[in-house]
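# A structural walkthrough
One-letter residues, chain by chain:
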Amino acid sequence: MDILSETIAAIRTGSPTSGLFIRHAPWGRRYPVVPGAGFHVVLQGSCWVVPPNGEPMALGVGDVLFMPRGADHDLVDSLDSRVTETALPGEPREIVGPGVRTALLCGAYELGRGRSHPILDELPEFIHLPARPGRHPALRGAIDLLAAEIAEPRPGSDAAVPALLETLLLFILRAWFDEQAGAQTSGWAGAFTDAAVAAALRAVHDDPARTWTVPDLSEVAGVSRATLARRFTATVGEPPLSYVTRWRMLTAARLLRDTDRGLGAVARQVGYTSEFAFAKAFKREYGLAPGRYRRAADSPPLVAV
């Protein structure tokens, strides 16, 4: 599995949610903070997103708005319109009226509790991907397929929609990193395009149990230790060995959530020969012992989309 796919798999939990939202002008709608990530795609009409702090952004047909940390915001058909409703689970998908119709595809992703990943930490609160002819055709194709499945459910839709939502998340992130790659060499956009850094990341992801050292990783990357340390820290956001620990803990958390492997087996899979040492390191990162983390109820919150 590639680095982006593995990272999303490690931090994603639960099942994504989605739905169509249709209103007729005038309308205004408040979206509280989501415990994860969320998105809006304009399918028809237009609207404005109004962040708590910052300038409003105009959204047109085909535009994608992604909130990697589920930031609260308002959506309105016009900056003159009042906010009259708050997004709540189970509310009507469409409210008819005399004004211009706006249709949005909305969704939310639950992310693992505790330790995050710099691939999301470095993203802005709001990512706006405007619809441009010929840009990001895979993302546009995923949006069209998902919108069709939600608008007219058919046999197999219950399996198709979650898979399409997972694909959409990857395509949104891929589109963002593609757009940033030409403008900057720092951050994760740079990590994906820096052959040495990408090779070191691939090695850590492939074998988190190995006792990695900077000389080991620099040999894999084909550059000097100083060069790797500098470029790795500039793009990934932390030194190589700090990232090794982060990836081990993220992998361990996923194994505890998603499998019934014993603590000893999990510890060995992420490079700890002592279950006690693993438990101590895990608690330092997550604030819970591994057993308690596994038993903690992940009761997914009801999220309005």
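Predicted model, so just to flag it, every value in this text is computed and none were measured.

### Description of the overall build of the protein
Helix and strand counts for the protein come out as 12 helices and 11 strands. In terms of overall dimensions, the protein is globule-like: its C-alpha atoms have a radius of gyration of 21 Å, near the 19 Å expected for 305 residues. C-alpha extents for the protein along the principal axes are approximately 65 × 45 × 40 Å. Here the protein holds 305 residues, and the buried ones make up 47% of them.

### Some thoughts on the sheet that holds strand β2 (residues 28-31)
Strands sit in the order β5-β4-β7-β2-β8 across an open sheet of five strands; the sheet is mixed. This sheet does not close on itself; its edge strands, each paired only once, are β5 (57-59) and β8 (85-86). Looking at chain direction, strand β4 (residues 47-50) and β5 are connected through three bridges and run antiparallel. By the bridge assignment for β5, Val49 is matched with Met57.

### What to know about the sheet that holds strand β1 (residues 12-24)
Hydrogen bonds between backbone groups are what pair the strands of a sheet, and the pairing can be parallel or antiparallel. Read from one edge to the other, the open sheet built from six strands follows the order β9-β1-β10-β3-β6-β11, with strand pairing classed as mixed. Each end of this open sheet is capped by a strand with a single partner; those strands are β9 (94-95) and β11 (127-129). Pairing between β1 and β9: two bridges, direction parallel. Residue Ile22 lies in a different strand from β9, and its bridge partner there is Glu94. Together, β1, β3 (36-44), β6 (64-67), β10 (101-111) and β11 form the strand contacts of helix α4 (residues 157-181), whose direction differs from that of β1 by roughly 85 degrees.

### Notes on the packing of helix α1 (residues 3-11) against helix α9 (residues 240-258)
Relative orientation of the contacting elements α1 and α9 amounts to 55 degrees, with a least axis distance of 8 Å. With respect to each other, α1 and α9 are oriented oblique. In this structure, α1 meets α9 at a crossing whose hand is left-handed. Across from Glu6, Thr7, Ala9, Ala10 and Ile11 in α1, the residues of α9 making contact are Trp247, Leu250, Arg254 and Arg257. A per-class count over the contact of α1 with α9 returns five nonpolar, one polar and three charged.

### Some points on the environment of Thr259
You can see Thr259 is positioned in the loop between α9 and α10 (263-269). Exposure remark for Thr259: the relative accessible area of 24% places this residue in the partly exposed category. Leave out the neighbours within four places in its chain, and Thr259 touches Arg254 and Arg294. From its side chain, Thr259 meets the backbone oxygen of Leu255 in a polar contact 2.6 Å long.

### Remarks on the pattern of salt bridges
Applying the stated rule across the entire model yields 13 salt bridges. Residues Arg29 and Glu91 are paired through a salt bridge, measuring 2.4 Å at the closest nitrogen-oxygen approach. In this pair, Arg29 is assigned in strand β2 and Glu91 in the loop between β8 and β9, connecting sequence segments 62 residues apart. Overall, the relative accessible area of 19% leaves Glu91 in the buried class.

### Some thoughts on the pairing of β10
With nine of 11 residues buried, β10 lies mostly within the body of the structure. Across 10 bridges, the pairing between β1 and β10 is antiparallel. For Leu20, the partnering residue across the bridge sits in β10 and is Leu105. Sheet topology note: the β3/β10 ladder contains eight bridges and is antiparallel. Bridge pairing links Val42 to Leu104 in β10.

### With respect to helix α8 (residues 225-236)
Its 12 residues place the ends of α8 16 Å apart at the C-alpha level, agreeing with the 16 Å of an ideal helix rising 1.5 Å per residue. For α8, the full list of buried residues reads Thr227, Leu228, Phe232, Thr235 and Val236. What you see down the axis of α8 is that its buried residues fit within an arc of 115 degrees, all on one side. Among the exposed residues of α8, those pointing more than 90 degrees away from its buried face are Ala226 and Arg230. Looking at the buried residues of α8, the elements they touch are α2 (118-121), α5 (187-193), α6 (195-206), α7 (214-221) and α9. Positive phi appears at Gly237, one or two residues downstream of α8, with a value of about 100 degrees.

### Observations concerning α1
With seven of nine residues buried, α1 is to be regarded as a mostly interior element. Among the residues of α1, Ile3, Leu4, Glu6, Thr7, Ile8, Ala10 and Ile11 are the ones counted as buried. Capping of α1 at its N-terminal end is provided by Asp2; its side-chain oxygen lies 3.1 Å from the backbone amide nitrogen of Leu4.

### Side note on the environment of Gly99
Locating Gly99 in the fold gives a position in the loop between β9 and β10. Taking the C-alpha atoms as reference, Gly99 lies 9.9 Å from Asp77; in sequence the two are 22 residues apart.

What counts and how
- Residues numbered from 1 in each chain as written.
- Predicted model: local features only at pLDDT ≥ 70, side-chain atom pairs only at ≥ 80, totals over all residues.
- Heavy atoms only, no water.
- Helix = DSSP H or I, 4+ residues; strand = E, 2+ residues; numbered from the N terminus.
- Rg over C-alpha atoms; globule rule 2.2 N^0.38 Å.
- Buried < 20%, exposed > 50% of the residue type's maximum accessible area, 1.4 Å probe, protein only.
- Pairing = 2+ DSSP bridges.
- Contact = heavy atoms within 4.5 Å.
- Axes fitted to C-alpha atoms, helices over the stretch in contact; angles between N-to-C directions.
- Parallel < 35°, antiparallel > 145°, perpendicular 65-115°, else oblique.
- Left-handed = near helix turned anticlockwise from the far one by under 90°.
- Nonpolar A, V, L, I, M, F, W, Y, C, P; charged D, E, K, R; others polar.
- Polar contact = N/O pair within 3.5 Å; in protein donor to acceptor, adjacent residues only side chain to side chain.
- Salt bridge = Lys/Arg side-chain N within 4 Å of Asp/Glu carboxyl O.
- Expected span 1.5 Å × (residues − 1).
- Arc of directions from axis to C-beta.

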